[in-house]
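Descriptive structure summary
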Amino acid sequence: MVLRTEITERPPLLRSINPATGEKIGEFPNMGKKEVDEAVSRAKEAQKFWAELSFEERGEWIYKFKEFVRKNIEDIAEVISQEKGVSRMEALISDVFPILDLADFYIKNTQKILRREKIKIGVWGLLGRESEIEYFPYGVIGIISPWNFPFSIPVGQIIIALMAGNTAVLKPSEFTPKTGVTVKKIFDEIGIPKGILEVVTGDGYTGEMLVRSGVDKIFFTGSTTTGAKIMKTAAESLTPVVMELGGKDPMIVFDDVDLDITTDAAVFGSFFNTGQVCASVERIYVHKKIFNDFVNLMVEKTKKLRVGYSKTPYEYDIGSVISEKQLEKVKEHIENVIEKGGKVLTGGRTNKLFIEPTIFVDVDHSFKAVREETFGPTAPIMKFETEDEAIELANDSEYGLTASVWTKDLTKAKRIASKLNFATVMINDNLITHAIPQTPWGGTKKSGIGRTHGKEGLLEMVQIRHIHTNKMGQKMRQPWWYPFTKEKYEFSLALTNLLHSPSLKEKMSSLIKIAKEIGKVSKQKL
Ligand code: NDP
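Residues numbered from 1 in each chain as written. Predicted model: local features only at pLDDT ≥ 70, side-chain atom pairs only at ≥ 80, totals over all residues. Heavy atoms only, no water.

Observations concerning the domain arrangement of the protein chain
Under the domain assignment used here, the protein chain contains domain 1 (32-245 + 456-465), domain 2 (249-436) and domain 3 (476-523). A straight line from the C-alpha centre of domain 1 to that of domain 3 covers 51 Å. (Domains from an automatic or database assignment.)

Okay, structure coming up:
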């Protein structure tokens, strides 16, 4: 088999750079197959011991981790702020703070969610049988994560994996290796045994090696294109995957909203983290009655946003984008709007890796900025007239991550929410639910497969073992075992009618036949 580019000139080191200043932050090994395989084998070894711990014992380790993060929250946020080129305030509220609540949720609830449970088996239960479900860990979870939330995304998955009895190997993005290494350092600081969490720094090739390494499940968060590549690779070994992918999230605004609050939300939802959020508002549909007022107010507020980077945690609202590639993608979308006759009402200019928050109107679903994930600080605003039209426009996308509906009429909002083909629909809010660990996170269509967070995310970290007990199994043989005989055949027909005939008379006569024959039938043996 030919593997992806194991080329001799593959650089041995990754250089982490602050994209806002160009300053070098550090160098990290660009690991290859050998280092990845070694990390996975340490994790496999450690998992044997880790799985034997009780939920309380695993919870005690996660609590230590949580406390360390709480006490060092500003230092951790500073690492993220530097690697991403965004303000420390942004890094703190979006990337570190949510992890504390997530840790609490899984410390308190993992045992409850994963407890052994009896399942109802209908008529089989009456025949002296019993079925139970128990959950057991996969083994080693491979986590491949993006740069946009380099702490909260992988750490959430690590905590859930660990609480469920797995160990984990993380491959952070090549743009944020220092944050990945920081996660490992925190686990080392609290003294967790070797191998429980491993971090392998490197590029896409390192990620591919992790997929090929024999890990028991892959949790991937990143672009839809890379997700498809990873699924293909994982399919070769039938390694299961959870995919958290891109989005093109719509915001539907009705004419009864509080304009001031809703435009604040639209500005935040579109531009937070420089628009580099999978759940960013990427398309805004506003009822035609309030369209002009909404647009004017949103433009006025957007002009007040401060673009830049400094060490003061709250001096700027909008940081840089992560890379040249990201800048080019956003510029391409802006240029496409201009070429096709759309209007740029504010923003549109770039300076190094900074992009002014940009608002478009006179655009429709033929524009790149409306169809493709931009992942930058842009907001296309369009008009709608009826509820059905809003639903149709929102659903007209290959993505299905999050959507939001804005109105004071909650009955209407819920009715609409149930018609939106998105994995999360927020009513009068946006962006927030990834930070609410009790709720499932995932996507429909090209936005993903499977879930992280919530009870559903925990269940992705375990396998199901069904234990079935035949309590009569040592007392009698089954009527369908060999040898096949005329009596057994007739017994089977009677059983079919007893269970499934709609006629009471037929049921009764079948029951009598079964009662009469069961002794004989069960004695027929090889
Ligand atoms: P990418 O898909 O480019 O990269 C994600 C991760 O995959 C990185 O660690 C990357 O390594 C690695 N990788 C790249 N190629 C391979 C490969 N062939 N095999 C294994 N691993 C590989 O995404 P970005 O980092 O650019 O993140 C942005 C994307 O992530 C957006 O589309 C966004 O919507 C999505 N996202 C989705 C979220 C969700 O929850 N649904 C949340 C956050 C982001 P390297 O960095 O070295 O290339």
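As for the packing of helix H4 (residues 88-113) against helix H6 (residues 152-163)
As a packed pair, H4 and H6 sit with axes 9 Å apart at the nearest point and diverge in direction by 15 degrees. For the element pair H4 / H6, the angle class is roughly parallel. When you trace H4 past H6, the crossing you get is right-handed. Contact residues: H4 offers Ser94, Asp95, Ile99, Leu102, Ala103, Tyr106, Ile107 and Thr110, while H6 offers Ser152, Val155, Gly156, Ile159, Ile160 and Met163. (Axes fitted to C-alpha atoms, helices over the stretch in contact; angles between N-to-C directions. Helix = DSSP H or I, 4+ residues; strand = E, 2+ residues; numbered from the N terminus. Parallel < 35°, antiparallel > 145°, perpendicular 65-115°, else oblique. Left-handed = near helix turned anticlockwise from the far one by under 90°. Contact = heavy atoms within 4.5 Å.)

Section: unusual backbone geometry
Here the residue pair tyrosine 482 and proline 483 is connected by a cis peptide bond, since its omega of 0 degrees sits within 30 degrees of zero. Among the secondary structure elements, proline 483 is positioned in the loop between strand E24 (462-470) and helix H17 (486-500). We note that leucine 238 has phi near 50 degrees; this positive angle belongs to a residue other than glycine. On the secondary structure map, leucine 238 appears in the loop between helix H9 (224-236) and strand E9 (241-244).

A word on the pairing of strand E10 (residues 249-253)
Look at any regular strand and the pattern is simple: side chains alternate between the two faces of the sheet. With 5 of 5 residues buried, E10 is to be regarded as a mostly interior element. Residues Asp249, Met251 and Val253 of E10 are buried on one face, and the alternating residues Pro250 and Ile252, pointing to the opposite face, are buried as well. Pairing between E10 and strand E11 (residues 281-287): 5 bridges, direction parallel. Bridging across to E11, methionine 251 finds its partner in isoleucine 284. In this fold, E10 hands off to helix H10 (residues 259-271), which returns the chain to E11; that crossover is right-handed. (Buried < 20%, exposed > 50% of the residue type's maximum accessible area, 1.4 Å probe, protein only. Pairing = 2+ DSSP bridges. Right-handed = clockwise from strand over helix to strand, strands pointing away.)

Quick word on the sheet that holds E11
An order of E12-E15-E16-E11-E10-E18-E19 is seen for the 7 strands of this open sheet, with the pairing classed as mixed. Across the chains shown, the open sheet's two edge strands, defined by having one partner strand only, are strand E12 (343-346) and strand E19 (424-427). Across this sheet, the average inter-strand angle for adjacent strands is 25 degrees, counted without regard to direction. Packing against the sheet, helix H11 (residues 291-302) makes contact with E10, E11, E12, strand E15 (358-361) and strand E16 (378-384), and its axis sits at approximately 170 degrees to E16.

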